[in-house]
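# Tertiary structure, described
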Amino acid sequence: MKIGIRIPPCAPVPEIADFAREVERAGFDQAWFPDSQLLWRDVFATAAAAAAATSSITLGTAVTNVVTRHPSVVAGAARTVAELAPGRFVLGVGVGNSSVVPAGLAPSTRAGLRAGVEMIRRLLSGVDGGPGVARMRDPVPVPVHIAASGPRNLRLAGEIGDGAILLSGVAAEPLTAALAQVAAAGRGAVPVTVSAFCRVTDSVARDARELKPVCLSIASNGGGSFLARAGTDVRVPATLPEVHPDLLHAESWEDAVRASEPFVDDDAAEAFARRFCLYGTAEEIAARLADLRGRGVAAVLLQHVGSYDLPRQLAGDFATRVLPLLRVKGAQPVQ
């Protein structure tokens, strides 16, 4: 199982490239960059700089979309980064969130995502992009992974994706259901990457507080019953707290935590941390990863809370405390 880490392009590009090099040297297999043109540096320019600064780590978008970028533009950008990082670039595509909504646009429909991915794959394979769309000069094959959480998009990922990126965390029951949806397409083994917030800590009860904005955001977007089934009860207010630009990407994470506390109590946050996230001691996290590997998960994408600082603490703690345990237990990611 491969271990990746999410790196928001929240700092000058040379600093991001240097950090990608540090992550590679620390033993991570993958570095994933999110796409949001109003929050961060351009994802493809950042990935290109990281490609030049590294030599072995896999680089990916987690994720771009086909709303703010035309599929042909996505294909051209992916081809360019893939030339800089031969065999180690993955194009993650989803319906769009923090890049789409702040621009006054609607996320992709399932049909729109399907059509966009199909055009991208056609262009990258060297044929015309469809009716009225020309061929791309000098195409480079790039694997396309589809991010999904709902059952229909999970099935779409299994049907047309080279891989799936699951956004529902590591809780056993929803993960099992999600894996089944991906497999329902009947195409055989589609590599699955599971995204999860992670913190190496000796006190989950203390540190789970920082996840309260995540819980409230999920519940307010229709995931309240999903959380409740796993023991995380969230009281969704009629009007969400005013946090700029939104709860998941708050400029002040501490302000977002305080604003969420009336609706997410400490027990709910701790339940979320323990069930959906990789919060715990190094030994506990290593055990959870071994379980994920046994379930057939191909890769894990680690996230820290917040959007405007690099995950230095997460990367350092995981590299020095968890990765050695994985090596000892024979669970070192397969290259």
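Reference entry: report on the structure contained in this document.

Reading the values: the criteria
- Residues numbered from 1 in each chain as written.
- Predicted model: local features only at pLDDT ≥ 70, side-chain atom pairs only at ≥ 80, totals over all residues.
- Heavy atoms only, no water.
- Helix = DSSP H or I, 4+ residues; strand = E, 2+ residues; numbered from the N terminus.
- Rg over C-alpha atoms; globule rule 2.2 N^0.38 Å.
- Buried < 20%, exposed > 50% of the residue type's maximum accessible area, 1.4 Å probe, protein only.
- Contact = heavy atoms within 4.5 Å.
- Polar contact = N/O pair within 3.5 Å; in protein donor to acceptor, adjacent residues only side chain to side chain.
- Expected span 1.5 Å × (residues − 1).
- Bend = angle between axes of the 7 residues up to and from the residue.
- Disulfide = S-S within 2.5 Å.
- Salt bridge = Lys/Arg side-chain N within 4 Å of Asp/Glu carboxyl O.

### Some words on the overall build of the protein
- Each helix and strand in the protein was counted, giving 12 helices and 10 strands.
- Since a compact globule built from 335 residues should have a radius of gyration of about 20 Å, the 19 Å found for the protein is in line with a globular shape.
- Seen along its three principal axes, the alpha-carbon backbone of the protein occupies a region of about 55 × 50 × 45 Å.
- Out of the 335 residues in the protein, the part that is buried amounts to 54%.
- The long-range fraction of contacts in the protein, counting pairs at least 24 apart against all pairs at least 6 apart in sequence, stands at 76%.

### What about the side chain of T61?
- With respect to the helices and strands, T61 occurs in strand β3 (residues 58–61).
- Among the polar contacts listed, one links the side chain of T61 to the backbone nitrogen of G92, at a separation of 2.8 Å.
- T61 has contacts with W32, F33, V43, F44, F89, V90, L91 and G92, leaving out every residue within four places of it along the chain.

### So, helix α12 (residues 312–328)
- End to end, α12 covers 24 Å across 17 residues, agreeing with the expected 24 Å (1.5 Å per residue, within 8%).
- Within α12, the axis deviates most sharply at A319, by approximately 40 degrees.
- Along its buried surface, α12 packs onto β1 (2–6), α1 (13–26), β8 (192–200), α11 (282–294) and β10 (299–303).

### Some thoughts on the environment of N153
- Among the secondary structure elements, N153 is positioned in helix α5 (residues 151–160).
- Under the relative-accessibility criterion, N153 is labelled buried at 17%.
- Between the C-alpha atom of N153 and that of T68, which follows or precedes it by 85 residues, the distance is 19 Å.
- Excluding residues within four positions of it along the chain, N153 makes contact with V95, R110, L113 and A148.

### Looking at the state of the cysteines
- In total, this model carries 0 disulfides according to the counting rule given.
- C215 takes part in no disulfide bond, and the closest cysteine sulfur to it belongs to C277, at a distance of 7.3 Å.
- Of the residues examined, C215 reaches a relative accessible area of 0% and is grouped as buried.
- Judged by its relative accessible area of 1%, C277 is buried.

### Structural notes on the pattern of salt bridges
- In the structure shown here, the tally under the stated rule is 20 salt bridges.
- Measuring nitrogen to oxygen at the nearest pair gives 2.8 Å for the salt bridge that ties E210 to R199. Placement of E210 in the loop between α7 (204–207) and α8 (212–228) and of R199 in strand β8 is noted, with a sequence separation of 11 residues between them.
- Between E254 and R209 there is a salt bridge, with the nearest N and O atoms lying 2.8 Å from each other.

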